[in-house]
Amino acid sequence: MSKTGQVLKGPLTKAILCAALLGSLQGCVPLVMGGAALGAAATMDRRTLGAQTEDKSITVKAEMQVRKLVGDAGHVNVASYNRKVLLTGEVRDETMKASVEREVRSIENVVSVINELAIAGPSSLTSRSSDALITTNVKASLVEMKTISATSFKVVTERGTVYLMGRVTQREGDLGAKIAQSVSGVQRVVKIFEYITEEELRTQYPQTSSVQL
């Protein structure tokens, strides 16, 4: 595995990282849109296509509702994976924290909510930029580890804490957490996985289990 911060030159690494940073790095667009990498990543996702679509819908709805509820009094990030929603960021008080969770729970198709909101003022742009860099480096490190499928992990970073989501085996989850913890700037790693067995991996997800050999 390459050292954190080293320029990664593999085409698959570039494609996956560009997909992750599509919203902020416009130079990646031709690479992602011009090839099959983005489509391949979606195909290798261990969620069903229906779940992927619902996760996108949940995220959009949650962000809109939370923005109305919190306004400038906080900063809330929403991440949905297989209908399980992770809330990170900062809110004014316990009442607002509970209100945000209640609002998100009421959204159609949400199965559960992990409320990691902190009672604090909104984080600075410097802190958010640092978190974004950590997320990018964790994803890069996962891609470089050839014995697991990086596309099976969702990475969220808040104030130096890395949250890992995904449908993985115990082995994959432990290795992914170890990789994340080794990245510079990571304070701690929180695993929010849906665990599957090695047999389920081989039979249900052969397209991703092949990288484990």
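The structure this text deals with has already been given above.
Note that the coordinates shown come from a computational prediction; the quantities given were computed from them, not determined experimentally.

Sheet topology places strand 6 (residues 161–168) next to strand 7 (residues 188–195); eight bridges connect them, and they run parallel. Its bridge partner being in strand 7, Thr 161 is matched across the sheet by Arg 188. Chirality of the crossover, the property in question, places the unit of strand 6, helix 7 (residues 170–181) and strand 7 among those that are right-handed.

Time to look at the packing of aromatic side chains. A complete count under the given rule lists two aromatic pairs for this structure. Consider the rings of Phe 153 and Phe 193, whose centres lie 5.8 Å apart with planes at 85 degrees: the pair is edge-to-face. Residue Phe 153 is located in strand 5 (residues 153–158), and its partner Phe 193 is located in strand 7; the two are separated by 40 residues in the primary sequence. A relative accessible area of 9% places Phe 193 in the buried class. Measuring from centroid to centroid gives 5.8 Å for Phe 193 and Tyr 195, while their planes differ by 65 degrees, and the two rings are edge-to-face. Put simply, the rings of Phe 153, Phe 193 and Tyr 195 pair up and form one aromatic cluster. In this structure, Arg 46 is placed above the aromatic ring of Tyr 205, and the distance from its NZ or CZ to the ring centre is 5.8 Å.

Here we take up the environment of Asp 93. With respect to the helices, strands and loops of the structure, Asp 93 is situated in the loop between strand 2 (84–91) and helix 5 (94–105). Taking the C-alpha atoms as reference points, Asp 93 and Gly 121, 28 residues apart in sequence, are found 9.6 Å from one another. At 3.3 Å, the side chain of Asp 93 forms a polar contact with the backbone nitrogen of Thr 95.

Of all the eight residues making up strand 6, eight are buried; the element is thus mostly covered by neighbouring parts of the structure. Residues of strand 6 alternate between two faces, with Thr 161, Tyr 163, Met 165 and Arg 167 on one and Val 162, Leu 164, Gly 166 and Val 168 on the opposite face, all of them buried. Pairing geometry for strand 5 and strand 6, over six bridges, is antiparallel. Within the sheet, the bridge partner assigned to Lys 154 lies in strand 6 and is Met 165. Remark: two residues form the turn of the hairpin made by strand 5 and strand 6, two consecutive strands paired antiparallel; Arg 159 in that turn has positive phi of roughly 50 degrees.

Where helix 4 (residues 49–70) meets helix 5, the axes come as close as 10 Å, and the angle between the chain directions of the two elements is 150 degrees. In terms of axis orientation, helix 4 runs roughly antiparallel to helix 5. Two packed elements cross with a definite hand, and for helix 4 against helix 5 that hand is right-handed. Counted together, Ala 62, Gln 65, Val 66, Leu 69 and Val 70 of helix 4 and Met 96, Ser 99, Val 100, Glu 103 and Val 104 of helix 5 form the full contact between these two elements. Residues of the contact of helix 4 with helix 5, tallied by class, amount to seven nonpolar, two polar and one charged.

Let us look at unusual backbone geometry. For Asn 109, which is not glycine, the phi torsion reads 80 degrees and is therefore positive. Relative accessible area serves as the criterion here: at 36%, Asn 109 is assigned to the partly exposed category.

With that settled, the discussion passes to the sheet that holds strand 6. The three strands are arranged 5-6-7 in an open sheet whose pairing can be described as mixed. Looking at the sheet topology across the chains shown, the edges are occupied by strand 5 and strand 7. The average angle at which neighbouring strand axes cross in this sheet is 15 degrees, direction not considered. Helix 6 (residues 125–144) contacts strand 5 and strand 6 of the sheet and is inclined by roughly 155 degrees relative to strand 5. Helix 7 contacts strand 5, strand 6 and strand 7 of the sheet and is inclined by roughly 160 degrees relative to strand 7.

About the thresholds
Numbering of residues starts from 1 in every chain and runs along the sequence as written. For a predicted model such as this one, the threshold for reporting local features is a pLDDT of at least 70, and the threshold for listing and counting side-chain atom pairs is 80 or more; totals across whole chains, interfaces and linings nevertheless cover every residue. Note: side-chain values were computed over all heavy atoms of the structure, leaving out hydrogens and water. We treat two strands as partners when DSSP finds at least two bridges between them. The way it works is that DSSP assigns letters per residue, a run of H or I at least four long becomes a helix, a run of E at least two long becomes a strand, and they are numbered from the N terminus. The handedness rule is simple: strands pointing away from the viewer, and a clockwise path from the first strand over the helix to the second, make the crossover right-handed. Pairs were defined over the aromatic rings of Phe, Tyr and Trp, the Trp ring being its six-membered one, requiring ring centres within 6.5 Å. Orientation was assigned from the angle between planes: stacked under 30 degrees, edge-to-face over 60, tilted for the rest. Relative accessibility decides the category of a residue: with a 1.4 Å probe and only protein chains considered, values under 20% of the type maximum give buried, values over 50% give exposed, and everything between is partly exposed. Geometrically, a lysine NZ or arginine CZ counts as sitting over a ring once it is within 6 Å of the ring centre and also within 35 degrees of the ring normal. Distance and chemistry together define a polar contact, namely a pair of N or O atoms within 3.5 Å, with one atom able to donate a hydrogen and the other to accept it when in protein, and with adjacent residues in sequence counting only for side-chain atoms on both sides. All axes here are fitted lines through C-alpha atoms, helices being fitted over the stretch that makes contact, and every angle between N-to-C directions spans 0 to 180 degrees. Orientation labels follow simple angle bins: below 35 degrees gives roughly parallel, above 145 gives roughly antiparallel, 65 to 115 gives roughly perpendicular, and whatever is left gives oblique. Put simply, a crossing is left-handed when the front helix is turned counterclockwise from the back one by less than a right angle, and right-handed when it is turned clockwise. Contact criterion: two residues are considered in contact whenever any of their non-hydrogen atoms come within 4.5 Å of each other. Under the scheme applied, nonpolar residues are Ala, Val, Leu, Ile, Met, Phe, Trp, Tyr, Cys and Pro; charged residues are Asp, Glu, Lys and Arg; polar residues are all the others, including Gly.

These results come straight from atomic positions and should not be treated as a statement about function.
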